[in-house]
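Per-entry structural report
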Amino acid sequence: MESKNRKIIVAVTGASGSIYPLKLLEKLMIVKDPPAEVAVVFSETAGSIWEYESGGKYVESGSAKVYDNKDFYAPFASGSSSFDTMIICPASMGITGRIANGVSDDLITRAADVMLKERKRLIIVPRETPYNLIHIRNMETLTLAGAIICPATPSFYSRPSTIEELVMTVVDRIISLSGFSAGAYRWMEND
């Protein structure tokens, strides 16, 4: 499927790290052949955490459209939708555990369940440390079910000099895993 025809979901949970989805959504709008539609869903606490950490409310831009987390009529709540990728960033361990155990009690968990059952791309970006055994087993379950676990662990190969550059090492990795060209630093290719 061509990038320009793709529809993706970005779900934001109440885990700390709002800078990750903020920069992710900004970058998705400017990648080569950006997605035709980006559905954005905030968990119950994500909006207030976003506002606290970023200093303002989320503002829709480009092809992004916000859906209420209780809206089970959203197109991507069904396996018949044309959305092909879902990114949960940051992913709280609560949401991760509910998805791993098949609990679809809101739009985020339902959409993730749809991605798994339809064998579509589900990228979970946990922002938690350290992990306990329950977290690890839930991530193992999701990996075995087909999800990609991409912890919000920055890299230092590119020698980032600002917090934003450090954050972008994770964001660019998520973009690449989503099937878009991020134009990111590549080990031993940019030296």
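Here is what the cut-offs are and how they apply
Residues numbered from 1 in each chain as written. Predicted model: local features only at pLDDT ≥ 70, side-chain atom pairs only at ≥ 80, totals over all residues. Heavy atoms only, no water. 1 Å grid on protein atoms, 1.4 Å probe; cavity = no way out; pocket = protein on both sides within 12 Å on 5 of 7 lines; lining within 4 Å. Points joined across faces, edges and corners; volume = space filled by probe spheres on them. Helix = DSSP H or I, 4+ residues; strand = E, 2+ residues; numbered from the N terminus. Buried < 20%, exposed > 50% of the residue type's maximum accessible area, 1.4 Å probe, protein only. Contact = heavy atoms within 4.5 Å. Polar contact = N/O pair within 3.5 Å; in protein donor to acceptor, adjacent residues only side chain to side chain. Salt bridge = Lys/Arg side-chain N within 4 Å of Asp/Glu carboxyl O. Pairing = 2+ DSSP bridges. Axes fitted to C-alpha atoms, helices over the stretch in contact; angles between N-to-C directions.

Taken as a whole, the second largest pocket holds about 290 Å³ of empty space. Residue lining of the second largest pocket: 15 residues in total, with Phe-42, Ser-43, Glu-44, Thr-45 and Asn-69 positioned closest to the centre.

Further remarks concern unusual backbone geometry. The peptide bond linking Cys-89 to Pro-90 adopts the cis configuration, its omega dihedral lying at -10 degrees. Relative to the assigned elements, Pro-90 resides in strand 4 (residues 85-91). If you check the backbone angles, Arg-119 has positive phi at about 60 degrees while not being a glycine. One can find Arg-119 in the loop between helix 4 (107-117) and strand 5 (121-126). A positive phi angle, near 55 degrees, is found at Arg-159, a position not held by glycine. Here Arg-159 lies in the loop between strand 6 (148-149) and helix 6 (163-177).

An α-helix turns once per 3.6 residues; consequently, residues spaced three or four apart project the same way. Counting buried positions along helix 1 (residues 19-28) yields seven of 10 residues, so the element is predominantly enclosed. Turning to helix 1, its buried residues number three or more, namely Tyr-20, Pro-21, Lys-23, Leu-24, Leu-25, Lys-27 and Leu-28. Looking at the buried residues of helix 1, the elements they touch are strand 1 (7-12), strand 2 (37-42), helix 2 (46-54), strand 4 and helix 6.

Mapped onto the elements, Thr-169 comes out in helix 6. Take Thr-169: its relative accessible area is 16%, and that puts it in the buried class. Of note is the side chain of Thr-169, whose polar atom sits 2.6 Å from the backbone oxygen of Leu-166. Residues contacting Thr-169, with those up to four places away along its chain left out, are Pro-154, Ser-155 and Ser-158.

Okay, the pattern of salt bridges next. In this structure the tally under the stated criterion is eight salt bridges. Where Glu-26 meets Lys-23, a salt bridge forms, and the shortest distance between an N and an O atom there is 3.2 Å. With Glu-26 and Lys-23 both in helix 1 and three residues apart, the pair spans about one turn of that helix. Residue classification places Glu-26 among the partly exposed positions, given a relative accessible area of 42%. For Lys-23, a relative accessible area of 12% gives the class buried. As a salt-bridge pair, Asp-172 and Lys-27 come within 2.6 Å of each other at their nearest N and O atoms. Taken as a pair, Asp-172 in helix 6 and Lys-27 in helix 1 lie far apart in primary sequence, 145 residues in all.

Turning our eyes to something else, we now look at the environment of Thr-85. If you trace the backbone, Thr-85 turns up in strand 4. The residues touching Thr-85, leaving out its near neighbours within four places in the chain, are Arg-6, Lys-7, Ile-8, Ile-9, Met-115, Arg-121, Ile-123 and Ser-178. Side-chain polar atoms of Thr-85 contact the side chain of Arg-6, separated by 2.7 Å. Engagement of the side chain of Thr-85 in a polar contact is seen with the side chain of Asp-84, the distance being 2.8 Å.

Turning our attention to the sheet that holds strand 1. Judged by pairing direction, the sheet is parallel, and its six strands sit side by side in the order 3-2-1-4-5-6 without closing on themselves. Every other strand in the sheet has two partners, leaving strand 3 (64-67) and strand 6 as the edge strands with one partner each. Bridge analysis of strand 1 against strand 4 gives four bridges, and the strand direction is parallel. The residue of strand 4 that forms the bridge with Val-10 is Ile-87. Most of the contacts of helix 4 go to strand 4, to which it runs at about 135 degrees, and overall it touches strand 1, strand 2, strand 3, strand 4 and strand 5.

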